[in-house]
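Given next are the chains, with one letter for each unit.
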Amino acid sequence: MFMFNGGDVLKFKIFREFPNVVQGISTKKFGSIRNQNIETENLKKFLKVLDVNNGQTVFMNQIHGNKVVIINGTDKQIIDRTDGLVTNKKNIFLCVTTADCLPIVFYDPFLKIVGAVHAGYKGILNGILDSLIYKIRELNGNIDKVLVGIGPGIEIDCYDVDFKRFNLFKNKFDKFKNIYKLKKGKYFIDLKKIAYKILIQNNIKKENIEMSTICTKCDSRFFSNRNGDKNSRFITIIGMI
Ligand SMILES: [Zn+2]
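The rules behind these values
- Residues numbered from 1 in each chain as written.
- Predicted model: local features only at pLDDT ≥ 70, side-chain atom pairs only at ≥ 80, totals over all residues.
- Helix = DSSP H or I, 4+ residues; strand = E, 2+ residues; numbered from the N terminus.
- Buried ≥ 20, exposed ≤ 12 C-beta atoms within 10 Å, placed from the backbone.
- Contact = placed C-beta atoms within 7 Å.
- Pairing = 2+ DSSP bridges.
- Core = buried A, V, L, I, M, F, W, Y, C linked by C-beta atoms within 7 Å.
- Axes fitted to C-alpha atoms, helices over the stretch in contact; angles between N-to-C directions.
- Arc of directions from axis to C-beta.

## Looking at the overall build of the protein
Link 1 in the chain: In terms of regular secondary structure, the protein is built from five helices and 16 strands.
Link 2 in the chain: With the principal axes as the frame, the protein shows a C-alpha extent of 50 × 40 × 30 Å.
Link 3 in the chain: By the burial criterion, 46% of the 241 residues in the protein qualify as buried.
Link 4 in the chain: Put simply, 62% of the contacts in the protein that link residues at least 6 apart link residues at least 24 apart.

What follows is the structure, given as structure tokens:
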């Protein structure tokens, strides 16, 4: 990843060679951004850096589910009860807001499809990543060509969970190695590694995945639910021009 606009915006390197892809992640410098109607001024400041019009953004009322919606330009600007968006249209900018959950963005450089998902622990258990890949296939995307960016989120050392949650992961992903650890009687889960392994399992190529090592709880540039930011969110956006 690299910093853009003097460090205010974080970008994935993996999309850098595609000038038609507009993508960025906000830092706290813009304040909290949740959707077009809340904290609008913060959103506008952020979009200005990326040269995106607020009227072209699409947000979700994220509910940690596995629903992914294909956006074709006639939709509402906030899609209800959804955690993933896909489009093959230009000038539609897909937005995910997070604070510890994983923002994950996709781009198929051949069929020109972009996608974005909100992947927290419930969403991952519910299959949000499988749903997104299913939708890309529905648009005839080439999974083995798709580029993926996994954004800043909570890292394993900061993500201790109770036994019940630990067991949900252990049972669902029993084939995955090194996705959790036990330390001083506590269970820690590696959400990023689980997301990565799900992508690989779905035939996304290793070399086509860029994973942020930023931990939102440790890095003060980003909002973190576990660090006390209960209502504040940062935004991850992707679209094509
Ligand atoms: Zn941390």
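From this point on, the discussion continues.
## A word on the sheet that holds strand E14 (residues 186–189)
Link 1 in the chain: In spatial order, the strands read E12-E14-E13; together these three strands make up an open sheet with antiparallel pairing. Whereas interior strands pair on both sides, the edge strands pair on one side only; in this sheet they are strand E12 (160–161) and strand E13 (180–183).
Link 2 in the chain: As paired strands, E12 and E14 are joined by two bridges and run antiparallel to one another. Of the residues in E14, the one forming a bridge with valine 161 is tyrosine 187.

## Some details on unusual backbone geometry
Link 1 in the chain: Despite not being glycine, glutamate 39 has its phi angle at roughly 55°, a positive value.
Link 2 in the chain: The phi angle at lysine 184 is positive, at roughly 50°, despite the residue not being glycine.
Link 3 in the chain: Looking at the element boundaries, lysine 184 is found in the loop between E13 and E14.

## A word on the pairing of E14
Along any regular strand the residues' side chains alternate between the sheet's two faces.
Link 1 in the chain: Relative to E14, E13 runs antiparallel, the two being bridged by four bridges. Residue pairing across strands places lysine 181 opposite phenylalanine 188, the latter belonging to E14.
Link 2 in the chain: The hairpin formed by E13 and E14 contains two residues between the paired strands, and lysine 184 there has a positive phi angle of roughly 50°.

## Re the nonpolar core
Link 1 in the chain: By size, the foremost hydrophobic cluster in this structure holds 70 residues, and its most contacted members are Leu85, Leu94 and Ala195.
Link 2 in the chain: Leaving out residues up to four positions away in the same chain, alanine 195 has contacts with Leu102, Ile104, Ala119, Ile124, Leu129 and Ile150.

## Remarks on the environment of phenylalanine 30
Link 1 in the chain: In this fold, phenylalanine 30 is placed in the loop between strand E3 (21–26) and helix H1 (40–50).
Link 2 in the chain: In this structure the C-alpha to C-alpha distance between phenylalanine 30 and glycine 73, which are 43 residues apart in sequence, comes to 27 Å.
Link 3 in the chain: The residues contacting phenylalanine 30, other than those within four sequence positions of it, are Asn42, Lys45 and Phe46.

## A short note on the sheet that holds strand E5 (residues 68–70)
Link 1 in the chain: If you trace the six strands from one edge of the open sheet to the other, you get E5-E7-E10-E9-E11-E15, paired in mixed fashion. One side of each edge strand has no neighbouring strand; the edge strands of this open sheet are E5 and strand E15 (209–211). Neighbour-to-neighbour, the strand axes of this sheet turn through a mean angle of 15°, independent of strand direction.
Link 2 in the chain: One ladder, built from seven bridges, connects strand E9 (residues 102–108) with strand E10 (residues 113–119); its direction is antiparallel. Bridge assignment links tyrosine 107 to a residue of E10, and that residue is valine 114.
Link 3 in the chain: In this fold helix H3 (residues 128–138) packs onto E5, strand E7 (84–87), E9 and E10, with an angle of close to 165° to the strand it touches most, E10.

## Quick word on H3
Link 1 in the chain: Considered for burial, the residues of H3 that qualify are Ile128, Leu129, Ser131, Leu132, Ile133, Lys135 and Ile136.
Link 2 in the chain: Just downstream of H3, asparagine 140 is the residue with a positive phi angle, here 65°.

## Describing the environment of glycine 120
Link 1 in the chain: Inspection of the secondary structure puts glycine 120 in the loop between E10 and helix H2 (121–126).
Link 2 in the chain: Note: C-alpha distance between glycine 120 and glycine 65 (55 residues apart in sequence) is 9.2 Å.
Link 3 in the chain: Glycine 120 has contacts with His64 and Cys101, leaving out every residue within four places of it along the chain.

## Considerations on H1
Link 1 in the chain: Taken together, the buried positions of H1 are occupied by Leu43, Phe46 and Leu47. Mapping the buried residues of H1 onto a view down its axis gives an arc of 100°, with all of them on the same face.
Link 2 in the chain: Turning to H1, the residues buried within the fold contact E3 and strand E16 (234–240).
Link 3 in the chain: Residue aspartate 51 follows H1 closely and has a positive phi angle near 65°.

## Topic: the pairing of strand E8 (residues 93–98)
Link 1 in the chain: Where burial is concerned, most of E8 is hidden: six out of the six residues are buried.
Link 2 in the chain: Every second residue of E8 is oriented toward a common face, with Phe93, Cys95 and Thr97 on one face and Leu94, Val96 and Thr98 on the other, all of them buried.
Link 3 in the chain: Pairing of strand E4 (residues 57–60) with E8 involves two bridges; the strand directions are parallel. When the bridges of E8 are listed, threonine 57 appears paired with phenylalanine 93.
Link 4 in the chain: As paired elements, E8 and E16 share six bridges and run antiparallel to each other. Note that in E16 the partner of cysteine 95 across the bridge is isoleucine 237.

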